[in-house]
Amino acid sequence: FTVLFMYFTSISTAQTTDCLHLREQCINAANGCVSIWNVVEDICNISVLGNRCKAEDIIGCNRIIQVLADEYPEFKNCVCTTDDFCSITTLLGKQCSINKDNISTETKLQWNLSALSKQAYTANRTCLDVNKECVEDEVCNKQLSLYLKVCSVNKKCNMEECQAAIRFFYQNMPFEVAQMMTFCDCIQSDESCHRAKELLHGKPCAVTAVPPPSCLNVIHMCEENELCRKKYTNFRSKCWRHVTKKCYDDEACLETLIKDDVPCSANADCKAAYISNWGTMLRVECTCQNLPTAEQSLCELFHHMLHSKSCFS
């Protein structure tokens, strides 16, 4: 560990101080950053007293720090990829103690060694079966536990924190596994399956707002958020090319379209873009009830694009 020790001691005090200052700005900002930071605290095991951390899940901690930097680019100089615990030290400096004995163990818990990730995707899986397989798989269960800890129905729901945890959960699993979880379903009478589905899909915390917003408002709120806007633009270009090609962002043009005029590509790129929407406001349940007649057709088009299962049936 001599080389690693020399590397850590070479990290400039100024850079670490800058990162700690960014953390304070993040906690005090009104832009949702604190929601991601709270997930960082959970996954990196940061103590409220003294803000020290004992990162037992080194890989998971580094990944959520990467998510933080992806969503808030001011943190980009606080992440690095040279080894398994570089980003933690860069972000938190000497405040963060690393248990080096865990490194080899945690490395084995990466998804590429997961038995579940080697399964080929098959359609029409029940959510109960998928949930059981995740729980029985060491890697998947570890990630699921972190997510459920944040989104637990046993504590007061924080939608933004839960959404951040879901994004982390789905972004850091293989595409085949993400498909299994995203596209699982249940027959109407199977209550156990529906409970499993709610766990996997973030209900009620990440998707249920009271009262439910209109689908028009969901799209407009998404377009005001840089991360969500990028995901929505990608989703529309990969799944709903007809909409993008004909109307782009022209709502007057979109109002002339009806659902039958909007074919969905439903290919692998589309599925990946759809999965990427999980943990954003695009997955919040929305409604078109009680809207003025003039807004009804556009709202129904947005509802169809966001929530219709016909694209992947």
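What you see is a predicted model, and the numbers here were worked out from it, not measured in a lab. (Residues numbered from 1 in each chain as written. Predicted model: local features only at pLDDT ≥ 70, side-chain atom pairs only at ≥ 80, totals over all residues. Heavy atoms only, no water.)

Visitor: I tried to follow the state of the cysteines on my own but got confused; where do I start?
Guide: Here is the idea: a disulfide is a covalent bond, and it sits between the sulfur atoms of two cysteines. Scanning the model with the defined rule gives 11 disulfides in all. In this model C157 forms its disulfide with C205; the gap between the sulfur atoms is 2.0 Å. The chirality of the disulfide connecting C157 with C205 is right-handed, given an S-S dihedral of about 90°. Note that C157 is positioned in the loop between α8 (138–151) and α9 (159–171) and C205 in the loop between α11 (191–201) and α12 (215–223), a separation of 48 residues in sequence. Relative accessible area serves as the criterion here: at 40%, C157 is assigned to the partly exposed category. Between C222 and C228 runs a disulfide, and the two sulfur atoms are separated by 2.1 Å. Where C222 bonds to C228 through sulfur, the torsion about that S-S bond is close to -105°, and the disulfide is left-handed. Exposure remark for C222: the relative accessible area of 0% places this residue in the buried category. (Disulfide = S-S within 2.5 Å. Helix = DSSP H or I, 4+ residues; strand = E, 2+ residues; numbered from the N terminus. Buried < 20%, exposed > 50% of the residue type's maximum accessible area, 1.4 Å probe, protein only.)

Visitor: So what exactly am I meant to see when it comes to the environment of A115 here?
Guide: Within the secondary structure, A115 is located in the loop between α6 (103–108) and α7 (127–136). The exposure class of A115 is exposed, given its relative accessible area of 56%.

Visitor: What am I meant to see in the packing of aromatic side chains here?
Guide: When we look at a pair of aromatic rings, we describe it by the centre distance and by the angle of the planes. Applying the stated rule across the entire model yields 6 aromatic pairs. Judged by centre distance (5.7 Å) and plane angle (45°), the ring pair of Y170 and W278 falls under tilted. With Y170 in helix α9 and W278 in the loop between α16 (268–276) and α17 (293–307), the pair connects residues that are 108 residues apart, well separated along the chain. The exposure classification of Y170 matches that of W278, with both residues buried. The buried category is assigned to W278, whose relative accessible area is 5%. Linked through ring pairs, Y147, F169, Y170, F183, F235, Y274 and W278 together constitute an aromatic cluster. The ring of F183 carries K271 above its face, with NZ or CZ at 5.9 Å from the centroid. (Phe/Tyr/Trp six-rings, centres within 6.5 Å; stacked < 30°, edge-to-face > 60°. Lys NZ or Arg CZ within 6 Å of the ring centre and 35° of its normal.)

Visitor: What should I look at first to understand the side chain of T182 in this one?
Guide: Mapped onto the elements of the fold, T182 is located in helix α10 (residues 175–182). Setting aside chain neighbours within four positions, we find T182 in contact with Y170, H201, Y274, I275 and W278. (Contact = heavy atoms within 4.5 Å.)

Visitor: Where do I start with the pattern of salt bridges in this structure?
Guide: Two side chains bearing opposite charge may form a pair once their charged atoms approach each other closely. The full count for this structure, using the stated rule, is 7 salt bridges. Its salt-bridge partner being E24, residue R23 comes within 3.1 Å of it at the nearest N-O pair. Here E226 makes a salt bridge to K230, at a shortest N to O gap of 3.6 Å. Residue E226 and its partner K230 are located together in helix α13 (residues 226–239), separated by 4 residues, close to a single helical turn. A relative accessible area of 44% places E226 in the partly exposed class. (Salt bridge = Lys/Arg side-chain N within 4 Å of Asp/Glu carboxyl O.)

Visitor: What's the story with the confidence of the model for the chain in this structure? I'm lost.
Guide: Atom-level detail of predicted coordinates should not be read off regions where pLDDT is low. In the predicted model, the chain carries a mean pLDDT of 79, and 80% of its residues have values of at least 70. Across residues 101–109 the pLDDT falls below 50, and counting only partners more than four positions away or on other chains, this stretch makes 17 contacts in the model. (pLDDT = per-residue confidence, 0-100.)

Visitor: What is the right way to read the side chain of K231 from this model?
Guide: With respect to the helices and strands, the residue K231 is situated in helix α13. One buried charge, K231, has no salt-bridge partner; the nearest side chain with opposite charge is E71, at 6.8 Å. At a separation of 2.9 Å, a polar atom in the side chain of K231 contacts the side chain of S276. Apart from the residues within four sequence positions on either side, K231 is in contact with R167, Q171, S276, N277 and T280. (Lys, Arg positive; Asp, Glu negative; His and termini not counted. Polar contact = N/O pair within 3.5 Å; in protein donor to acceptor, adjacent residues only side chain to side chain.)

Visitor: What is the right way to read the nonpolar core from this model?
Guide: If you look at soluble globular proteins, the nonpolar side chains tend to sit buried side by side. Formed by 89 residues in total, the largest nonpolar core has its most connected members in F75, Y170, M181 and F302. In this view, F302 contacts C215, L216, I219, Y232, E251 and L254; residues no more than four positions away in its chain are not counted. (Core = buried A, V, L, I, M, F, W, Y, C linked by side-chain atoms within 4.5 Å.)

Visitor: What's the story with the packing of helix α4 (residues 58–71) against α9 in this structure? I'm lost.
Guide: Each pair of packed helices gets described by two things: the angle between the helix axes and the distance between those axes. Between α4 and α9, the least distance of the axes is 11 Å, while the angle of their chain directions is 115°. By the angle class used here, α4 and α9 are roughly perpendicular. Handedness of the crossing formed by α4 with α9: right-handed. The residues of α9 that touch α4, namely those facing G60, R63, I64, V67 and E71, are R167, F168 and Q171. (Axes fitted to C-alpha atoms, helices over the stretch in contact; angles between N-to-C directions. Parallel < 35°, antiparallel > 145°, perpendicular 65-115°, else oblique. Left-handed = near helix turned anticlockwise from the far one by under 90°.)

Visitor: Looking at this structure, I do not really get α11. What am I missing?
Guide: The periodicity of an α-helix, 3.6 residues per turn, causes residues three or four positions apart to be oriented the same way. Among the residues of α11, C193, A196, K197, L200 and H201 are the ones counted as buried. Projected down its long axis, α11 shows its buried positions confined to an angular sector of 120°, all on one face. Buried positions along α11 lie against α7, α8, α9 and α10. For α11, the capping residue at the N-terminal end is D190, with a side-chain oxygen 3.4 Å from the backbone nitrogen of S192. At the C-terminal side of α11, G202 shows a positive phi close to 80°. (Arc of directions from axis to C-beta.)

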